[in-house]
Amino acid sequence: MPAVTVDNILALPRVAETAPGATARPVLAVTTAPTGYEGEGFPVRRAFAGVDMRHLDPFIHMDQMGEVDYAPGEPKGTPWHPHRGFETVTYMIDGTMEHQDSNGGGGVISGGDTQWMTAGGGILHIEAPPEALVTSGGLFHGVQLWVNLPKDNKMAAPRYQDITGSKVALLSSPDGGALIRVIAGDLDGHQGPGSTYTPITLLHATIAPGASVTLPWNPDFNALAYVLAGDGTVGAERRPIRMGQLAVFGRGERVGDEFHRGDTITIAAADTQDSRTESLEVFILGGKPIREPVAMAGPFVMNTRAEVIQAFEDFQAGRLGSIPAAHESLE
């Protein structure tokens, strides 16, 4: 799991030590992602399955893609399909994926890269492994996240952000036990490169065996941690968590008649990992809830059922874009 690594983690800027009086956010639940298939048949884990939307907002859906080691001829992608009303964020850890859309956006993403596509008012796109990977086979692992758009931005003009691994902000935990990649948003004053319509923070943390990290977290944000690989614990209560599980953090704690809003989250790696895993790998995310109605069907995320029906009609009428003439090749 290479993503983005460094030779000397202690040379990186460090997340500040937890401030006196900080309140840890409790763990509300640890859920296990069911497995399924997406697109032309590549395996996924549905990270948010069974979690109430109020704990996910502003996020809608998340898949862990793989980890799968394809034999030659096996790699698969998705055919051309539409979206409206939200953003798709694809973060590649291992392997390579090519993207093309009807707005002219696209490119190749590989280990540590992120493609951030704002569907907005409507777009068509395709995601597929490059021909060389199809021929050779190989390791494929990544995450795709759907980020909701506020009502006022549902019909925004589509856009595409190509966030290469070299652009992410790299941080160390205070003792050097965790490498933190800031993809979007702010962590302790360090800004990630992703541009967002609503305030969110996206991180990928690699935590060494036996190490623990406590991160400052905006009390107005929801907080989620999904384990991509390895074993560990979450929260001050050290609740066990493993690969394919999601931790949902609460807002704070009640002490007597007072409610203290939580402003830190804690994640720790088990002292020993399995033979395939060197460290605990965690995708950490949260954002300020939009708190608007969600009407969702297939590739469309709107506020009302009528808007979803309109999206289907617009797609069938060709108003969400057209497949580029050179779509036979993504090169």
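Remember, it's a predicted structure, so these values are computed and weren't measured experimentally.

### Topic: the side chain of Thr88
Relative to the elements of secondary structure, Thr88 occurs in strand S6 (residues 86-94). Not counting the four nearest positions on each side in its chain, Thr88 is found in contact with His83, Gln115, Trp116, Met117, His125, Gln144, Leu145 and Trp146.

### Some thoughts on the side chain of Gln144
Note on placement: Gln144 falls in strand S11 (residues 138-148). Given the relative accessible area of 13%, Gln144 is considered buried. If sequence neighbours within four positions are ignored, Gln144 has contacts with His61, Met62, Asp63, Met65, Thr88, Val89, Thr90 and Glu127.

### Topic: helix H3 (residues 305-316)
Spanning 12 residues, H3 covers 17 Å between terminal C-alpha atoms, matching the ideal 16 Å at 1.5 Å per step. Those residues of H3 lying buried are Val308, Ala311 and Asp314. All buried residues of H3 fall inside an arc of 120° around its axis, so they share one side. In H3, those exposed residues whose orientation departs by more than 90 degrees from the buried face are Arg305, Ala306 and Gln316. Each element contacted by the buried residues of H3 is listed here: strand S27 (295-297) and strand S28 (300-302). Trailing H3 by a residue or two, Gly318 shows a phi angle of about 80°, which is positive.

### Considering the sheet that holds strand S5 (residues 78-83)
In spatial order, the strands read S5-S10-S7-S8; together these 4 strands make up an open sheet with antiparallel pairing. With one partner strand each, in any of the chains shown, S5 and strand S8 (106-109) form the two edges of the open sheet. Each strand of the sheet is rotated relative to its neighbour by a mean of 20°, with strand direction disregarded. In terms of strand pairing, strand S7 (residues 97-101) meets strand S10 (residues 123-128) through 4 bridges, oriented antiparallel. Its bridge partner lying in S10, Asp101 is registered against His125.

### Re the confidence of the model for the protein chain
Scored by pLDDT, the protein chain has a mean of 91; 97% of the residues are at 70 or more. Below pLDDT 50 for its whole length, residues 327-331 participates in 7 contacts with residues either more than four positions away or in separate chains.

### Observations regarding the nonpolar core
Residues Phe48, Phe59, Met62, Leu145, Leu202 and Leu285 are the most contacted members of the largest nonpolar core, which totals 32 residues. Taken together, the elements giving at least two residues each to this core come down to strand S4 (59-70), S6, S11, strand S14 (178-184), strand S17 (200-207), strand S19 (223-229), strand S22 (245-249) and strand S26 (280-287). In this view, Leu202 contacts Phe59, Val89, Trp116, Leu145, Arg181, Val182, Ile183, Ala184, Ile284 and Leu285; residues no more than four positions away in its chain are not counted. Counting residues in hydrophobic clusters, the runner-up holds 29 residues, among them Leu171, Ala223, Val227 and Ile284.

Reading the values: the criteria
- Residues numbered from 1 in each chain as written.
- Predicted model: local features only at pLDDT ≥ 70, side-chain atom pairs only at ≥ 80, totals over all residues.
- Heavy atoms only, no water.
- Helix = DSSP H or I, 4+ residues; strand = E, 2+ residues; numbered from the N terminus.
- Contact = heavy atoms within 4.5 Å.
- Buried < 20%, exposed > 50% of the residue type's maximum accessible area, 1.4 Å probe, protein only.
- Expected span 1.5 Å × (residues − 1).
- Arc of directions from axis to C-beta.
- Pairing = 2+ DSSP bridges.
- Axes fitted to C-alpha atoms, helices over the stretch in contact; angles between N-to-C directions.
- pLDDT = per-residue confidence, 0-100.
- Core = buried A, V, L, I, M, F, W, Y, C linked by side-chain atoms within 4.5 Å.

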